[in-house]
Amino acid sequence: MALIAKEKEFERSWWEKYLSGILQQGPIPNHVAFIMDGNRRFAAKKHVERIEGHRKGFDKLAEMLRWCQDLDISEVTLYAFSAENFKRSKEEVDSLMELARSKFAQILEEQDRLKEHGVRISIIGELHLLPQDLQELAYKLMECTRNNNKCRLNVCVAYTSRHEMTQAVRDITWGLEHGLIEKSDISEQLFEKALQISSVDVLVRTSGEIRLSDFLLWQSSSSYLSFLNVLWPELTIWDFYWSVLQYQRCYKSIKKQQIATELNTALTDTSSVKRMNNFINSLCAKRDCFTECV
């Protein structure tokens, strides 16, 4: 199944169009994140190999991206593989790496479609933990989509939120050492902008687990958290629409909290704001250069 659907492949029933139209009368989240949990339990339930559960999970991912595409959600973040998952059996880890190879290669073949839809893909995490050939595929995928700017797909691989926050601290230290910012510029706002992933409006976790598992801990502080009692491969459009609807119901209180946080952490000194913006631009250029040069 292709990651990004062609228009003619994206056939919707009348009731899907109807419900989508209703949801679009309310606020649509800009950024939705998913903890795709339950692939192994799905495999056990269906009495198939674990890797087959993960394959079904990728198919569901492609389907879910179509739902997001239909609602014009501009950014999606996926918890594909935690750094903690390397503690699983060698057989399962090797199978997951092989699946990632085939899917990354498949997505690379869809470059024209990704460009047509303006999809930029970022693969975020401790990529050095991946096999060398998989690292090369990941960097190639990021490089070939880096100029796309209509929507963004963040794929978290070998990722933990703790590592992302630690890296942000290192990047801020780099900015201090190079004179791009001053110690007085360090703030919550600067730290948030130094993270690789932006704040999330809705975070969805499947499988009935009610925890974040070290995923987007900072970015989800003002999000609507949706914990669904369904395994990821069995997720339906009804489940997804329910999460969006609940976000809309809580929208006023969520926005009130977000605005209060922004006011409390906003920099007021114009010189500091200018340095912060220059630093973030330099940091983004540094990250893009690293991707291009690998």
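For the structure, see preceding data.
Notes on the structure in this doc start here.

Considering the nonpolar core
When a protein is soluble and globular, its nonpolar side chains tend to lie buried together. Grouped together as the largest cluster of nonpolar side chains are 50 residues, with contacts concentrated most on Phe34, Met64, Val76, Leu78, Ile123 and Phe240. In terms of residues, this core owes the most to one element, helix α4 (residues 90-108), which gives 7 residues. Discounting chain neighbours no more than four positions away, the residues touching Phe34 are Met64, Cys68, Val76, Thr77, Leu78, Tyr79, Val204, Phe215, Trp232 and Phe240.

Details of the packing of aromatic side chains
Per the stated rule, a full pass over the model turns up 12 aromatic pairs. Ring geometry for Phe240 and Tyr241: centres 6.1 Å apart, planes at 40°, overall tilted. Exposure class is identical for Phe240 and Tyr241. Each is buried. Clustering of aromatic rings is evident, with ring pairs tying together Phe34, Trp67, Trp232, Phe240 and Tyr241. Sitting over the face of the ring of Trp174, Lys286 holds its NZ or CZ atom 4.4 Å from the ring centroid.

Overview of the sheet that holds strand β2 (residues 75-82)
Two modes of strand pairing occur in sheets, parallel and antiparallel, and in both the strands are linked by backbone hydrogen bonds. In space, the 6 strands of this open sheet follow the order β3-β4-β2-β1-β5-β6, with parallel pairing throughout. Unpaired on one side and paired on the other, β3 (119-124) and β6 (224-227) mark the two borders of the sheet. Between one strand axis and the next, the sheet turns through 15° on average, direction left out of account. The pairing of strand β5 (residues 202-205) with β6 spans 4 bridges and is parallel.

Some points on the environment of Ser272
Inspection of the secondary structure assignment puts Ser272 in helix α11 (residues 270-293). Through-space distance from the C-alpha of Ser272 to that of Gln25 is 39 Å; in sequence the pair is 247 residues apart.

Observations concerning the side chain of Asn154
Tracing the chain through its elements places Asn154 in strand β4 (residues 151-159). Given a relative accessible area of 0%, Asn154 falls into the buried group. Discounting residues that sit within four places of it in the chain, Asn154 has contacts with His31, Glu75, Val76, Thr77, Leu78, Ser122, Ile124 and Ile197.

Looking at a nonpolar patch on the surface
Taken together, the side chains of Trp14, Tyr18 and Ile22 make up a nonpolar region of the molecular surface, amounting to roughly 420 Å² of accessible area. Within the secondary structure layout, Trp14 lies in helix α1 (residues 14-23). Look at Trp14 and you get exposed, because its relative accessible area is 66%.

A short note on α4
Taking 1.5 Å per residue, 19 residues should reach 27 Å; α4 reaches 27 Å between its end C-alpha atoms and fits that length. Glu92, Val93, Leu96, Met97, Leu99, Ala100, Arg101, Lys103, Phe104, Ile107 and Leu108 are the residues of α4 that are buried. Buried residues along α4 sit in contact with α2 (39-46), α3 (50-70), β2, α5 (111-117), β3 and α6 (132-145).

Comments concerning unusual backbone geometry
At Ser207, a position not held by glycine, the phi torsion is positive, near 85°. Take Ser207: it is sitting in the loop between β5 and β6. Accessibility expressed as a relative area gives 8% for Ser207, which makes it buried. A positive phi angle is found at Leu216, which is not glycine, with a value near 50°. Along the chain, Leu216 falls in the loop between β5 and β6.

Rules used in this analysis
Residues numbered from 1 in each chain as written. Predicted model: local features only at pLDDT ≥ 70, side-chain atom pairs only at ≥ 80, totals over all residues. Heavy atoms only, no water. Core = buried A, V, L, I, M, F, W, Y, C linked by side-chain atoms within 4.5 Å. Buried < 20%, exposed > 50% of the residue type's maximum accessible area, 1.4 Å probe, protein only. Helix = DSSP H or I, 4+ residues; strand = E, 2+ residues; numbered from the N terminus. Contact = heavy atoms within 4.5 Å. Phe/Tyr/Trp six-rings, centres within 6.5 Å; stacked < 30°, edge-to-face > 60°. Lys NZ or Arg CZ within 6 Å of the ring centre and 35° of its normal. Pairing = 2+ DSSP bridges. Axes fitted to C-alpha atoms, helices over the stretch in contact; angles between N-to-C directions. Patch = residues over 30% accessible without salt bridge, like charges linked within 9 Å, V, L, I, M, F, W, Y side chains within 5 Å. Areas by Shrake-Rupley, 256 points an atom, 1.4 Å probe, with all protein chains shown as cover. Salt bridge = Lys/Arg side-chain N within 4 Å of Asp/Glu carboxyl O. Expected span 1.5 Å × (residues − 1).

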